[in-house]
Amino acid sequence: MTAAERIIVPLDVPTLADAISLLEQLPQVNFWKVGLELFVSSGPAILQVLRERQKRIFLDLKFHDIPNTVAKACRGAAVYEVDFLSLHAAAGRAALTAAAAATQGTSTKLLAISVLTSLSARELALDLKISLELQDYALQMALLAQDCGLAGAVCSPQEIAALRRVCGNNLLLVCPGIRPTWSDPGDQRRTTPPAQALQAGADYLVIGRPITAASHPAQAWERICEEITAA
Ligand code: C5P
């Protein structure tokens, strides 16, 4: 895979019109992520727009519900031929297994959210009463997802090396929280540069604001691709 094929850019915008404008600013981007904000506003119309432009799609809706509902929602999403679709590993074994069965034979690969990186170790322990260390918990959730037949996991760059070691090479690892050394970290706290995340074992990187909020988005994209290729 080329550097450009490994980068997923999020369409973190409120409307379909804003999404189209971002697509037009960055025609060289091949893989886009559609999250809750845009999908709630645009509905499946954005998926149609992306498909017409022959883009790959990560539909990041992070499903978390009872097995029957999760499985049917996954099957519904697979009808749009999205490449990746996310759901919470914490939905449990029955939901994950049902989701995997519901999308079998389709072109959609399921990615498990191991633990939201917005949660601190303190919140995990004190509010959610999860007694494992955050990293151990993330690892256990990824193993559960793998055991249930999911194709991959979304993880923070800090977890890539441990997940790769424990889960082997067959689990796709998709990482947000990526920042080139020259970009503003924004609200991402523990960030990793793109080439380093790939060297640690990530398959795909989700890179948003360093590209979309740059004064010249196309130049920022080129620079990141060059850095990855040179590494
Ligand atoms: O702009 P930035 O590069 O921080 O965008 C990262 C994208 O990845 C956003 O769409 C964000 O919601 C998403 N994300 C994340 N951390 C996670 C999961 C998803 O930043 N753990």
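Everything that follows concerns the structure shown earlier in this document.
Now for a description of the structure that goes with this document. All figures in this text were calculated on a predicted structure; none of them were measured in a lab.

Moving on, we come to the nonpolar core. Counting residues in hydrophobic clusters, the biggest one holds 68 residues, and the most contacted among them are Leu11, Val34 and Ile46. Here the element with the most residues in this core is helix 7 (residues 134-147); it accounts for eight residues. Sequence-distant contacts of leucine 11, that is, excluding residues within four places in its chain, are made with Ala19, Leu22, Leu23, Trp32, Lys33, Val34, Leu38, Ile46 and Leu50. One finds Phe58, Phe84, Tyr204 and Val206 within the second-largest nonpolar core, a separate group that totals 11 residues.

The N-to-C vectors of helix 7 and helix 8 (residues 160-167) enclose an angle of 40 degrees; their axes lie 10 Å apart at closest approach. Considering their axes alone, helix 7 and helix 8 lie oblique with respect to each other. In this structure, the crossing between helix 7 and helix 8 has a hand that is right-handed. Of the residues in helix 8, those in contact with Leu139, Ala142, Leu143 and Gln146 of helix 7 are Ala162, Leu163, Val166 and Cys167.

The next subject is helix 7. Taking 1.5 Å of rise per residue, the 14 residues of helix 7 would be expected to cover 20 Å, and the 20 Å separating its terminal C-alpha atoms lies within 8% of that figure. Within the span of helix 7, buried status applies to Leu134, Tyr137, Ala138, Leu139, Met141, Ala142, Leu144 and Ala145. Summarising the contacts, the buried residues of helix 7 are in contact with helix 5 (93-103), strand 5 (109-113), helix 6 (121-126), strand 6 (152-154) and helix 8.

Attention now goes to the site of the ligand. Lining the immediate surroundings of the ligand are Pro10, Asp12, Lys33, Thr117, Pro176, Arg179, Gln188, Val206, Ile207, Gly208, Arg209 and Pro210. Within the side chain of arginine 179, a nitrogen or oxygen atom sits 2.8 Å from an oxygen atom of the ligand. At 2.8 Å, a backbone N or O of glycine 208 approaches an oxygen atom of the ligand.

Definitions and cut-offs
- Residues numbered from 1 in each chain as written.
- Predicted model: local features only at pLDDT ≥ 70, side-chain atom pairs only at ≥ 80, totals over all residues.
- Heavy atoms only, no water.
- Core = buried A, V, L, I, M, F, W, Y, C linked by side-chain atoms within 4.5 Å.
- Buried < 20%, exposed > 50% of the residue type's maximum accessible area, 1.4 Å probe, protein only.
- Helix = DSSP H or I, 4+ residues; strand = E, 2+ residues; numbered from the N terminus.
- Contact = heavy atoms within 4.5 Å.
- Axes fitted to C-alpha atoms, helices over the stretch in contact; angles between N-to-C directions.
- Parallel < 35°, antiparallel > 145°, perpendicular 65-115°, else oblique.
- Left-handed = near helix turned anticlockwise from the far one by under 90°.
- Expected span 1.5 Å × (residues − 1).
- Near = heavy atom within 4 Å.
- Polar contact = N/O pair within 3.5 Å; in protein donor to acceptor, adjacent residues only side chain to side chain.

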